[in-house]
Structure formats: structure tokens, C-alpha cells
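Observations on chain architecture
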Amino acid sequence: MTTHSLHRVAQVGEVADAIRTAAEHQTPLRFRGTGTWMHGGGPFAEATVLDLSGLSHVIEYIPGDLVITVGAGMPLSTLRAITAEHGQMFALDPYGDATGSIGACVATASAAPLAPSDLQMRDLVLGIEAVLGTGEITRAGGRVVKNVAGFDLVRLHTGAWGTLGALTTVSLRLHARPAIDVAVTGTAPIAVDDPAFSTWLDPIVANRAPLPMLVVIAPNAQPRLVARVSGNRARVAALMTRVQAFGVGPLQEHAIEATLETLRVTTPDVAMLRLRASLRDAARFVHHVRRTLPEATLLYDPARGALRVLTRQDATDALASVMATGGASYIRGVIDQGRRTVPTPSALEGQIKRALDPSDLCNRLMHHVTLPWDHARAISEPGAV
Amino acid sequence: MSVRPAMTVPLIREQLIAITGPRWVKDRRSELAPYDADGLPGYRATPSLAVFPGTRDELIAVVRCLADAGVPFVPRGAGTGLSGGALANDVVLIGLNRLSRILEVDPVNRLARVEPGVVNARLSRETTPFGLHYAPDPSSQSVCTIGGNVAENAGGPHCLKYGVTLNHVLACEVVLPDGTVTTLGDPFGETAGYDLLGVFIGSEGCFGIATEITVRLVPLPDAVHTILADFPSVDAAARAVSRIVATGIVPAALEMMDNPTIRAVEASVYAAGYPVDSAAILLCEVDGVADGLEEDVAIIRDACLACDARDVRVATAAADRQRLWQGRKKAFGAMGRIAPALVVQDAVVPRTRLPEVLARIADISHQHQVRVCNVFHAGDGNLHPNIPYDAGDADESARVHAAMSAIMQTCIDVGGTITGEHGVGLDKLPYMESLFDADSLDAMCRIRQVFDPERRANPGKVVPVHACREWHGTRGVSRSTTAVGR
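Remember, predicted model here, so these are calculated numbers, not experimental data.

What about the nonpolar core?
Counting residues in hydrophobic clusters, the biggest one holds 142 residues, and the most contacted among them are Ile102(A), Phe231(B), Met256(B), Leu282(B), Ile447(B) and Phe451(B). If near-sequence neighbours (up to four positions away) are discounted, Met256(B) is found in contact with Val234(B), Ala237(B), Ala238(B), Val241(B), Ala280(B), Ile281(B), Leu282(B), Leu358(B), Asn374(B), Val375(B), Phe376(B) and Ala378(B). Counting 50 residues, the second-largest nonpolar core is a separate cluster that includes Val205(A), Ala227(A), Ala296(A) and Ala315(A).

Right under this line is the structure:
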């Protein structure tokens, strides 16, 4: 993406003014939080950058409610520090950089490794303030943990990549930190390309314990099982026993923060794919991707069948090669980061874009009225075995 | 195409009969009477005609027939909604209760694919042999349908730990009001693009009708402990809620019942052994891996005792736990003994504000001389102030209405919201402009316009028509809905 100027704002009114001015001149805007993931999504058209990092204050934090409302430009690291003071946490540590902004994480619906209770971003955003492409300042949701008042525009903005408007404020559900929260790791006794790999992975899938797990498969290395074990002492001991029963080498215990940092950090030169297949095909699916992309690092969630692929290959090529050769009865794939092409959006998506950003000012894609993810959709139809 | 008046309906009757057969198209007053109301007293509305498709293809054909004729419609599941959302005033009602097949249970991927008319509790019952269940459990779960749950984004006691309907639906095949069929979401959950499924869930039938729904199933817990704590005051129980939440333990459920509710339950066939002299009880459940649960129970017991609980009991045997839960889940039914009508209200407040809000509700009930029974999801701050009354008494009805308005305003004033799980429907429409400004409401209208440009699906619900700038001058169907006793 090329940018031709940068405009920094610190108040929601300034965001609205900037968007209205952009509307008058029909010049697109590219929203930026702390600028850690400008290479994600897209490809975006040339645009004036609207820097939202000044919107970084706590607007309301009532620890007893386990809810915090902050400016969307607040870095995740700041959010973590503020909530930790009260023994609380925002339960996701999304892939990327810890200095990334919470607004960008919401806008991209960022996934996170070892998320407790299968939590996703859409589960944790209670309310938002967003300035639409019309310059209107709108609010959706609220600051309470249950809310069905009105149509759910919170979910619509979450994962919209800022294409419907600029997020300026987010209200988030927090969790109290459990008494113990650690990562345990152990090495698998068998390599992915061993024909008997399924005899190790299948029982993990079938008996998946109620705890977050990832099978980490680096190039030319034995798979490692990483599990997040949390709760009180008795529960943690019981879960450790379950993990041990999955036939990994001696378990090593690590601070959860250090493990999450290792798993989540990505660099701009790496393409990130999200793939998913039926758990019936778990071993075959992982083996297939390993064989197709031997240089990639794979993070496989054996509870959900989700596979995250980090590769230095061209993202489009990498995804196409996985999809073309099958490996499971159903594979779905999405590019999170890396070069892609952009086909036509669905009718509903196009209409929603026009409803909230009629002049296509907000994070305009390189091809007019197109959306960043449709490339993935077009080639992610059920694949042949 | 413009929306055509109700007089068009007789003209399409024969077309609908051709789709479903004559037995499933009803237009006689006596046949339509059961659909005059939902679970909310005070509102009545009669559909011009009701049609009950028996298959997915029939449902799609019905919606297309209505689209071709430009006729508005209201989808209806079991009619257990409590906000008037399923009322059809002189428009066509599409009953979905015949679409009740469980199409697929996939125990490996822990998901099920169902038709919209499948009853919530039945889905859990039929997946129990696989060691699984469907977690959202509205109090009406023995009759309410998954399609209705999707429309309302229904909750329930166990949503404190497990999440609401939104968190458990992976994909929906949907027929849009114009008859287009599309799939929202992905059955394996790897989605991209706008969260169209997320905005569809809770759209109260205004965005179309789900023809098939794929839901997550959750493993049955290894062990469950249910705690009954007895408090000398509502305030003490409310303080205990905050204290339990702050411990970091996420109970599966954390429910409160006040004394009027306890007495109603204990006087009914649903008697659960609650202490009738208690000012308030908390029903708290922890579940999951067996190891460590007793430690959690001990921490919760201490939290309750620190907030002046008079007694704390723990049930682990299934029969004992079921008895405790029966009282909670049937509390609304038990209140039927008190008066002919019952308003079950729904609002959410920040959890730390529960003590002051409950005190304010008590003041409001004295001021308006109505009896408020509180039974609610305390762990979520999701209040259900219920008022038993005689809907035939105009004066009492007016006082109930005034009390409810005051309670809603109280919840808004403390930073809460007007509905946590029942939906806006008709009943909460007047409060939407207190909660959202004009631009925010208009953005909602514009999204509705995307799904239903002719505004024929559940017209007049959720967002006040006059709040939608493009709709100014439109005839609001809800305006002619009869608000009985209001």
C-alpha cells in the first residue's frame, strides 16, 4: 500500500471531521492503530492514513464488573498491564505484536493461540463506538455482559477490517486470572510424515481434554504438544495427568506469558493462512499440509481442527497448493497475511459496505468495491479428497 | 416492489395451499386464536393467515410466494418469546414448529445440524448418548425452538459460563425475505469476511428465516455441584454475587431468587425445598473436571458466608440438583398462582450495580403499588423483574406499565441495557431511543434494509420505524397492533 499523508487524531470528533472531509474530497482513508500490522488484510488502495493511536485512554474500568472500555488505539500491552493490576486479563493474546492496538485486533477479529474456553474476539467485544464512512458517530452493544438490544452491529464491525468505519472505542469482557495458569509442553514420539502419525494424533482428538492445546510442527522437527493448564491446584494436577496420557515426552512447565509470546509473534515477511478440516481427517489433513508446505511452521488445534500456517512462500500460491491437492473431505482456507488477489464480494457484503460506507472511503481495497477475504472464499469451497 | 395491503392475503391463500396442502393454511378466527399472543401479556394481534410449512423446500416456496405478492410476514417458533416479537398483526404468520428434524449429529466434530423447529431440550436429550449437549438453556427450553433461540439470541442460566446462542451457532442456511437462499457462517467455524451470521443471530426475524442451523455441542461435564445459599437480605445476596465473580471462578450458573419468588415456588407443585423465610437465595453451580471442584465450592461457600449467608447447602446427586433447578426453571409458572397475568421483564445492569438497582426496584414497586418478584441470572447482571397482575384491571395494568417503565429507565441510567435475552420485539421499542442516538438507530435501519429492503419481515419490530430516516412516511405495521390494557 502507498500512503500520501498521515493525519493523527485524539478525539472521536476529530475522526468524524476527518471522515467528513475525506467524503467531501472523495479521498479514501486507511485507519491505523499502532501500525504493527499494516501488511495484514488488503491489498488496500492508496489512501491518507488516519492514525488512531491517540485514542488510547481508559474510558471506564470497573474491575468488579470485569468490563473495561478503552480507546481503540490502546496497545494490547497497555491493556494487559492495566487489567493485571486487578488480577484480571483480556483473555486473548492475538497473533501479532503485543504493541498492536486493541482496535486493530477487534477490526481483524484476530485469533489467538491457546485461547481459554475456545474464546474468539467476537465473544469478548461487548460494545463499540465507530465512525462510519458517512462521518456519523455510532454506538452498538454496551458495557454489560449480555445485550440483545437492537441489531448486532458489534459483530458486524468485529472482523470487518475497518471497511465499514473507524473503531474509536471498544468495551471488552475481562476474565479474572486463574490461581494457576501455565503452559506445559512435551515432544511427540512420532514425526508427522510417519505413516503411524495418526495413532498419536487421533486419540488426542478423540479424548481432547477441556483445555487449550496446540500441536506445534516446525520444519524438520518432531511435533510438540503445548497445552494451557489453568485453575486451582487440584484441577491443574488432573489436567497435567491427562496431557501426560497423550504420550508426549517429559512435560516441561513454562510461564504462560512467555509461551504465548513465542507462539503469537509473526513478522511481515511471513504469510499466515488459516485452514480448517473435519476432525475425522485430522492426521491426514496435517500430514497433507506438511507435505505440501514442508518449510512452513504449522500450529494445529486438535480440539477444533484449526490449522495456522506460517510460511515464507507467496500466500496465494501456498493456499492454492493446499486446496488443489485435498487431504481431507472438507478444507476451508483463509489468508490472514500475505499477497492475495481480490475477486467479487457477495451481494450481501457489498450492500452492507454501501450501507455504512457509501463512498468506499474506509480502508478501500485496491479494486473498487472488493473485500480482502473473498479471494480465500473463492478457492476455499469444499475440496476434493 | 411495494408492500401490498392485507387484502392481498386472500388472493395468495390458494397458492399457499398448493405448497403445504390445505391442512396447514389456517385463516378462520378460531384457528388463529392460539397465535394471538406470545408469552408477554398485554399485547394481542391476530394474523390474517397462518401457514405451517413442513419441509425446508416448502418454507422457501412460502417465502417466495409472499415475496412475489409483496405480503409482510412474521416467523414464529414456539411463541414463548416475552417481548411480543412473534405477534403478527393482520399479516401472514409462518409457523416453523413442523420443521423439527435433527438432520445430523456429528459427535467427532461436536456439532449438530437441525431444522429451526427443533425444541431446545430435545436436542440436548438426543445428544446425551454421545456425551454431549446443547449449552444455551432458556427457562422455556422444554418448548422453545432452536430457530426462535437464533432469532432472539437466547440465553439461559448456564450462559454465564458457556455463552449465549451467538457463541454456539456455527452456520445457518437462511431464506431472505426476497426468497434468496444463502448460507451464513461455516459449519467448521473458520469464517472470514463480515460476520453476517453474527448480525443475523438476534435479528428477531427481521432479516429472514433460518432453514437449517448448525450448532456446537458441548461435552457433558465430568461432575456438577449445585450450591444453595440462603441470605438475610437481597443486598447481601447481591454483594455475594460480586464477591463470587471476583474470585476468578466462573460458575456454570449463578442465579438469584427473592422472597416473593421463593414463596411462589414453594407453594406450587414445583416446590424445591427453598427456605421460605429467606430474603433471597443464590443458586450457584460449578461443573467440569471433577478434580478441583470441591475447592471451588469451598471458595464460593466462604464468599457467601462472608456476605452474611445464613446457610449454604451443596447438592451433588443428580436428583437433588434437578429438584433445586426445577424450582428455578419453573418459577415463572409458579407465579401463575398469584395472578392471572405475569409480565416477565428483562434488563441487564453492571454486576456491581445490582444492590442499588434491586433496592430501587423495591422502591418502584412500593411507589406504584405492584408486586415485583425477582428471579434472574445474577452472575450476568441479567435481571428479570416479574409483576403478577390482573390484565383485566385497567388501573392495575396502568400501574404495572408505569413501574416497568421506571425499572427500565433505572437500568439505562446505571449503564445497563433494556434486554439481555428476550429481544426488543414490540415491548421494548419505546426504550430504544433512550439507549441509542439517532445515528446509531439509523445505522441499524440501514442494515435491516440490506436484508429486507421491502421491510416485510416482522415489520414494526426492534427499531422504531420513525427512527429510520429512509422510512419516514412508511406505514408502521406495529402502530395498529393492539396494546391491551396499556
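Topic: the environment of Leu358(B)
Residue and element names in this part refer to chain B. Tracing the chain through its elements places Leu-358 in helix α13 (residues 354–368). Classification of Leu-358 as buried rests on a relative accessible area of 5%. Sequence-distant contacts of Leu-358, that is, excluding residues within four places in its chain, are made with Val-234, Ala-238, Met-256, Asn-374, Phe-376 and Leu-383.

Points about the interface of chain A and chain B
In many reports, interface size means the accessible area that the parts give up when they come together. Opposite the 63 residues of chain A that make contact, chain B presents 79 residues. Interface area for chain A against chain B, summed over the two sides, is near 5900 Å², with a carbon-plus-sulfur share of 57%. Among the residues of chain A in contact with chain B, Lys146(A), Val148(A) and Phe151(A) are the three that bury the most area, contributing 16% of the side total. Applying the counting rule to chain A against chain B returns ten salt bridges. For the salt bridge of Asp380(B) with Lys146(A), the shortest nitrogen-to-oxygen distance reads 3.8 Å. Linking chain A to chain B there are 23 residue pairs in polar contact (both at pLDDT 80 or more). Of all the secondary structure elements, the ones that give two or more residues to the side of chain A that touches chain B are α4 (121–124), β8 (137–141), α5 (153–157), α7 (233–244), β15 (271–277), β18 (331–337) and α11 (347–356) of chain A.

Points about the packing of helix α8 (residues 234–246) of chain B against helix α10 (residues 293–306) of chain B
Residues and elements named next belong to chain B. The N-to-C vectors of α8 and α10 enclose an angle of 145 degrees; their axes lie 9 Å apart at closest approach. For the pair α8 and α10, the sense of crossing is right-handed. Residue-level contacts link Ala-240, Arg-243 and Ile-244 of α8 to Ile-300, Ala-303, Cys-304 and Ala-306 of α10. Considering only residue class, the contact of α8 with α10 consists of six nonpolar, no polar and one charged.

Things to note about the sheet that holds strand β5 (residues 92–95) of chain B
All names here are of chain B. One open sheet holds the four strands; their spatial order is β1-β3-β5-β4, and the pairing between them is mixed. Of all the strands in the sheet, just β1 (25–26) and β4 (73–76) have a single pairing partner and so form its edges. Pairing of strand β3 (residues 49–51) with β5, which is carried by three bridges, proceeds in the parallel orientation. Counted as the bridge partner of Ala-50 is Leu-93 from β5.

Rules and cut-offs
Per-chain numbering applies: the sequence of each chain, read as written, is numbered from 1 onward. Going through the entries in the order they are written, you letter the chains from A and number the ligands from 1. The predicted nature of this model means local features are confined to residues of pLDDT at least 70 and side-chain atom pairs, given and counted, to a pLDDT of 80 or more, with totals for whole chains, interfaces and linings taken over all residues. Hydrogens and water molecules were not included; the side-chain quantities draw on all heavy atoms of the structure. Working definition of a nonpolar core: buried Ala, Val, Leu, Ile, Met, Phe, Trp, Tyr and Cys residues. They are joined through side-chain atoms within 4.5 Å. For the exposure calls, accessible area comes from a 1.4 Å probe over protein chains only, and a residue counts as buried if that area is under 20% of its type's maximum, exposed if over 50%, partly exposed in between. We call two residues in contact when some of their heavy atoms are within 4.5 Å. Strands are runs of DSSP state E lasting at least 2 residues, helices are runs of H or I lasting at least 4, and numbering of each runs from the N terminus. Throughout, buried area stands for the accessible area (probe radius 1.4 Å) lost by two parts on being put together, summed over both. What makes a salt bridge here is a side-chain nitrogen of Lys or Arg within 4 Å of a carboxyl oxygen of Asp or Glu, nothing more. In the analysis that follows, any N or O atom pair within 3.5 Å is treated as a polar contact, provided that within protein one partner can donate a hydrogen and the other can accept it, and provided that, for residues neighboring in sequence, both atoms belong to side chains. Axis definition: a line fitted to C-alpha atoms, limited for helices to the stretch in contact. Angles are taken between N-to-C directions and run from 0 to 180 degrees. Crossings are assigned a handedness: left-handed for a near helix turned anticlockwise from the far helix by less than a right angle, right-handed for a clockwise turn. Side-chain classes follow a simple rule in which Ala, Val, Leu, Ile, Met, Phe, Trp, Tyr, Cys and Pro form the nonpolar group, Asp, Glu, Lys and Arg form the charged group, and the remainder, Gly included, forms the polar group. Any two strands are treated as partners once DSSP identifies two or more bridges connecting them.

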